[in-house]
Amino acid sequence: MPHAPPQPGPGARLLEIETNTRQRLGEAQRMQWFGDVAGLQESLRHIADKKQQAGRLRAQAGRGEDGVAALG
């Protein structure tokens, strides 16, 4: 039985979503779809927030709960 292809990690998926959103934003700007431009710009702001959250969570995961680096 064939295996399913590996799923990208959360960071890779977020980057894929950001890239797609930027492409859609470019098209919306070229076509002067101003409502779509505003919505896509808002989406990019939310994506940036999620990327910052993910970075903070990765940093916390590398430390113990008391902020001391985890022993490897």
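To start, this report covers the structure provided alongside it. Given the structure is predicted, the values throughout are model-derived calculations rather than measurements. (Residues numbered from 1 in each chain as written. Predicted model: local features only at pLDDT ≥ 70, side-chain atom pairs only at ≥ 80, totals over all residues. Heavy atoms only, no water.)

1. Observations concerning the overall build of the chain
Helices and strands together make up the secondary structure of the chain, namely two helices and zero strands. The buried share among the 72 residues of the chain stands at 14%. Accessible surface, the chain as shown: approximately 6100 Å² in total, 56% of it carbon and sulfur. (Helix = DSSP H or I, 4+ residues; strand = E, 2+ residues; numbered from the N terminus. Buried < 20%, exposed > 50% of the residue type's maximum accessible area, 1.4 Å probe, protein only. Areas by Shrake-Rupley, 256 points an atom, 1.4 Å probe, with all protein chains shown as cover.)

2. Remarks on unusual backbone geometry
Non-glycine residue Q32 carries a positive phi angle of around 60 degrees. Following the sequence through the fold, Q32 ends up in the loop between α1 (10-31) and α2 (34-61). Here Q32 falls in the exposed class, since its relative accessible area comes to 55%.

3. Side note on the nonpolar core
Counting seven residues, the largest nonpolar core is built from L14, L25, A28, V37, L40, L44 and I47. When residues of this core are traced back to their parent elements, those giving at least two are α1 and α2. If you tally residues by element for this core, the top one is α2, at four residues. Excluding residues within four positions of it along the chain, A28 makes contact with W33, D36, V37 and L40. (Core = buried A, V, L, I, M, F, W, Y, C linked by side-chain atoms within 4.5 Å. Contact = heavy atoms within 4.5 Å.)

4. What to know about the side chain of E18
As for its position among the elements, E18 is in helix α1. Polar contacts involving the side chain of E18 include one to the side chain of K51, which spans 2.9 Å. In this structure E18 touches L44, I47 and K51, once residues within four positions along its chain are discounted. (Polar contact = N/O pair within 3.5 Å; in protein donor to acceptor, adjacent residues only side chain to side chain.)

5. What to know about the environment of A38
By the secondary structure assignment, A38 is in helix α2. When the C-alpha positions of A38 and L25 are compared, they lie 8.9 Å apart, and in sequence the two are 13 residues distant.

6. Topic: the pattern of salt bridges
Enumeration according to the criterion identifies four salt bridges in this entry. A salt bridge links E42 to R45, with the shortest nitrogen-to-oxygen separation between them at 2.6 Å. Placement of both E42 and R45 in helix α2 is noted, with a separation of three residues, approximately one turn of the helix. When its relative accessible area of 34% is taken as the criterion, E42 is described as partly exposed. With a relative accessible area of 46%, R45 lands in the partly exposed category. (Salt bridge = Lys/Arg side-chain N within 4 Å of Asp/Glu carboxyl O.)

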